[in-house]
Each structure stands twice: as C-alpha cells, then as structure tokens.
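# Examination of the molecular architecture
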Amino acid sequence: MASQFAVSASNLTYTHNQFAIEPSLRDINIHLPPGSRTILVGANGAGKSTLLQILAGKRLVSTGGADVRIKDRDVFRNSPPGVTFLGTEWAMNPVVRGDIVVSAFLDSVGGYRYKERRDQLLDILDIDLDWHMHTISDGERRRVQLCFGLMGPWDVLLLDEVTVDLDVLVRDDLLKFLKKDSETRGSTIIYATHIFDGISDFPTHVAHMRFGSFVTEPTSWPITSSSPLAAQFAPATTLYSVALQWLKEDRDHRRRLEKEGRKTRGARRDQAVPTDSETFYKKYDYSH
C-alpha cells in the first residue's frame, strides 16, 4: 500500500565528516503529506540546507538506521522521479555564466517540451529570451534558474534560499504560482528561507530548526485557537513575527551555551593581549 506521506525521514542523523564535534543533523523525524507547503525557519547553520540536500539525494546517509523517503521510495537506493531541488549554488556555476542566449539555454534543457509552463514562468519571472547568460545580473540569472527548474512538472519541490535575489514583486508572483501549482496538482514544497514578510498565506506547515534538530517539527499553519502553536502564539500571528521570536530564542539559547563553555561569537572585549595578526599589521600601519 502506498505511503500517505510525500516526504518522510525517520531516525536521521548526519555528520559531514568524522572529525566533527557535533552532527549536522540529529534525530530528524518528519512526515509531510502530499500537497503540503512547509517553511523551514532557523538561523544560519541550523541544518536546513543539509536536510534539503539529503532529501534530494545529494548527500548520502549510510549509517544510523535512517529511513529517508520521497513518494515512498528510498532517496538513496531507489531515487524517485519528479523531485526538483533548487539551491543557491547554481547561479555561481561557470557553465551557466557562459555566452549563451537564454532562449537557446532553455531549449537545450528541454524547454520546448513544456511550452505552456515555460511561457507562464517567463512572464512571471519577467525574463528576456534575448539575454546573454554571461552579461546578466545574479538576480536575472536566478530568474533563469527558476524557470529552468520549474518548467517541468514536479511532485516534490525543495527550495533552498532561491528567492534571495528576486525583487519583491517577482518573488510575490512566483510564490502565488507555486501555491496554485501545489493546490492544483497536489505537489509538495519544502522551502528554507530567511525572508518571512508577505508569505504568511503561503505555507500549510511551519517548522523550526536549531543546531541540527527540530525544536518544532512541521506543524499546521496558520495558527488557530486549536493549533499546537497556540500555546506560544496568538491566533493569526504573522509568520514574520513567529520567525522573529524563534530566532531570538535561538540566539538566547546559544548565548547560554557560550556562558557554559561553548565557543563565543562576536567581539572579544576581554582580550587584553593583542593577537599576532593585530601586532603584525599595526607594525606596518602608516595611516597615522
């Protein structure tokens, strides 16, 4: 019998290398139904990107009894079709910075097979088909990436900070397109972002990650009087306000750990002895 979940992960712990002091992900358990749209909230380094890369099959988990599935198929041993991962590294790839016209680039990756969706995305993302990839800005290159990644129908979409380069109008239009696509076709989205204004009506679930673990596993959104989040937030609280409070809690938690011996971030105001670099550069400082 087919699973009721589009995305699931059980007992997932992951360490980038054997010398790491702490795992990047620890005891992750998520179960997301088809048609859900989940926003991942967490500070830089919380593990959001690592989780998305594992779900996309881009990082191999070979120990610990982890079970990671998309559409009830093991993402490492029986890769499911219809999974699209879009991350920030694409726009820096030298291949997509070559002297190639956007129309030719999209045709080279099969744009002619999805003309209706491709044309819809070209309008939403305000793309000029005569752009040359090596002459356009990072934001314009990001728009081309999104058209390239989204023009083929997908079942599960994993987004890692890919709207960071977009202006607010294009970003709003794109999220409306993704929401409608998800509702119409029952497709599933997991979206890691640090931009929370104006997207309270996008997700069906929100989740909070800290230091590689879920503080709040994917929970239904928006907040109602019967919501699990109602104990912490008033009904109809915006996603921006929720994210702001969670991130403040993350910072407070980290500072408590620093007082207990964790490596401290920020200025070292109690450092009386100059560092070697300060001593060296001060010796050759002729600005005074």
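The present account deals with the structure reproduced in this document. Just so it is clear, the structure is predicted and the values come from calculations on it, not from any experiment.

## Remarks on the pattern of salt bridges
As enumerated under the stated definition, the model contains 16 salt bridges in all. Note that Glu183 is salt-bridged to Arg37, the shortest N-O span being 3.9 Å. With Glu183 in helix H5 (residues 168–185) and Arg37 in strand E3 (residues 37–41), the pair connects residues that are 146 residues apart, well separated along the chain. Taking the relative accessible area as the measure of exposure, Arg37 reaches 5% and is therefore buried. Between Arg141 and Asp138 there is a salt bridge whose closest N-O contact spans 3.0 Å.

## Thoughts on the pairing of E3
Among the five residues in E3, five count as buried, and that is most of the element. Bridge count for E3 against strand E8 (residues 188–192) is four bridges, and the pairing is parallel. Residue pairing in the sheet places Ile39 in a bridge with Tyr191 of E8. The pairing of E3 with strand E9 (residues 205–210) spans four bridges and is parallel. In the sheet register, Val41 faces E9, and the bridge partner there is His208.

## A closer look at the nonpolar core
Counting residues in each nonpolar core, the largest one holds 44 residues, and the members touching the most others are Ile39, Leu150, Leu174 and Leu178. Counting residues per element, the ones that place at least two in this core are E3, helix H2 (102–108), helix H3 (115–124), helix H4 (138–150), strand E7 (156–160), H5, E8 and helix H6 (239–259). When residues of this core are assigned to their parent elements, the largest contribution, five residues, is made by H5. With near-sequence residues (within four places) excluded, Leu150 lies in contact with Leu86, Arg117, Leu121, Leu157, Leu174 and Leu178. Membership of the second largest hydrophobic core comes to 27 residues, among which are Leu12, Ala46, Val156 and Phe214.

## Topic: the packing of aromatic side chains
Tallied over the full model, the rule gives five aromatic pairs. Its end group placed over the ring of Phe202, Arg37 keeps NZ or CZ at 5.8 Å from the ring centre. For the cation-ring pair, Arg262 lies above Phe211, with the distance from its terminal atom to the ring centre recorded as 4.4 Å.

## With respect to the environment of Ser225
For Ser225, the position within the fold is in the loop between strand E10 (213–220) and H6. Sequence-wise, Ser225 and Pro235 are ten residues apart; in three dimensions their C-alpha atoms are separated by 5.9 Å. With near-sequence residues (within four places) excluded, Ser225 lies in contact with Ala230 and Pro235.

## Concerning H4
Between its first and last C-alpha, H4 extends 18 Å over 13 residues, near the 18 Å set by a 1.5 Å rise per residue. Of all 13 residues in H4, ten are buried, a share of seventy percent or more. All of the buried residues in H4 are Gly139, Arg141, Arg142, Arg143, Val144, Gln145, Leu146, Cys147, Gly149 and Leu150. The inward-facing, buried residues of H4 abut strand E6 (83–86), H2, H3, E7 and H5.

## A look at the environment of Ala192
Among the structural elements, Ala192 can be located in strand E8. C-alpha of Ala192 to C-alpha of Arg251: the two residues are 59 residues apart in sequence and 19 Å apart in space. Sequence-distant contacts of Ala192, that is, excluding residues within four places in its chain, are made with Leu40, Lys48, Leu52, Leu159, Asp160 and Glu161.

## Some details on a nonpolar patch on the surface
Taken together, the side chains of Phe280, Tyr281, Tyr284 and Tyr286 make up a nonpolar region of the molecular surface, amounting to roughly 560 Å² of accessible area. Structurally, Phe280 is set in helix H7 (residues 276–283). Since its relative accessible area comes to 48%, Phe280 is described here as partly exposed.

## Quick notes on the packing of H3 against H5
Remark: H3 packs on H5, axes separated minimally by 9 Å, with the N-to-C direction vectors making an angle of 150°. It follows from the interaxial angle that H3 and H5 lie roughly antiparallel. Between H3 and H5, the contacting residues are Arg117, Gln120, Leu121 and Ile124 on the first element and Val170, Asp173, Leu174, Phe177, Asp181 and Arg185 on the second. Taken together, the residues of the contact of H3 with H5 sort by class into five nonpolar, one polar and four charged.

## Side note on the side chain of Thr188
Relative to the helices and strands, Thr188 resides in strand E8. Looking at Thr188, its side chain comes within polar contact range of the main-chain nitrogen of Gly35, at 3.2 Å. Setting aside anything within four residues of it in sequence, one finds Thr188 in contact with Ala6, Val7, Pro33, Pro34, Gly35, Ser36, Trp154, Asp155, Val156 and Leu157.

## What about a negative patch on the surface?
A contiguous patch of negative charge, built from Asp123, Asp126, Asp128 and Asp130, is present on the exposed surface. Of note, Asp128 is situated in the loop between H3 and H4. By relative accessible area, Asp128 is classed as partly exposed at 36%.

Cut-offs applied
Residues numbered from 1 in each chain as written. Predicted model: local features only at pLDDT ≥ 70, side-chain atom pairs only at ≥ 80, totals over all residues. Heavy atoms only, no water. Salt bridge = Lys/Arg side-chain N within 4 Å of Asp/Glu carboxyl O. Helix = DSSP H or I, 4+ residues; strand = E, 2+ residues; numbered from the N terminus. Buried < 20%, exposed > 50% of the residue type's maximum accessible area, 1.4 Å probe, protein only. Pairing = 2+ DSSP bridges. Core = buried A, V, L, I, M, F, W, Y, C linked by side-chain atoms within 4.5 Å. Contact = heavy atoms within 4.5 Å. Phe/Tyr/Trp six-rings, centres within 6.5 Å; stacked < 30°, edge-to-face > 60°. Lys NZ or Arg CZ within 6 Å of the ring centre and 35° of its normal. Expected span 1.5 Å × (residues − 1). Patch = residues over 30% accessible without salt bridge, like charges linked within 9 Å, V, L, I, M, F, W, Y side chains within 5 Å. Areas by Shrake-Rupley, 256 points an atom, 1.4 Å probe, with all protein chains shown as cover. Axes fitted to C-alpha atoms, helices over the stretch in contact; angles between N-to-C directions. Parallel < 35°, antiparallel > 145°, perpendicular 65-115°, else oblique. Nonpolar A, V, L, I, M, F, W, Y, C, P; charged D, E, K, R; others polar. Polar contact = N/O pair within 3.5 Å; in protein donor to acceptor, adjacent residues only side chain to side chain. Lys, Arg positive; Asp, Glu negative; His and termini not counted. Charge placed at Lys NZ, Arg CZ, Asp CG, Glu CD.

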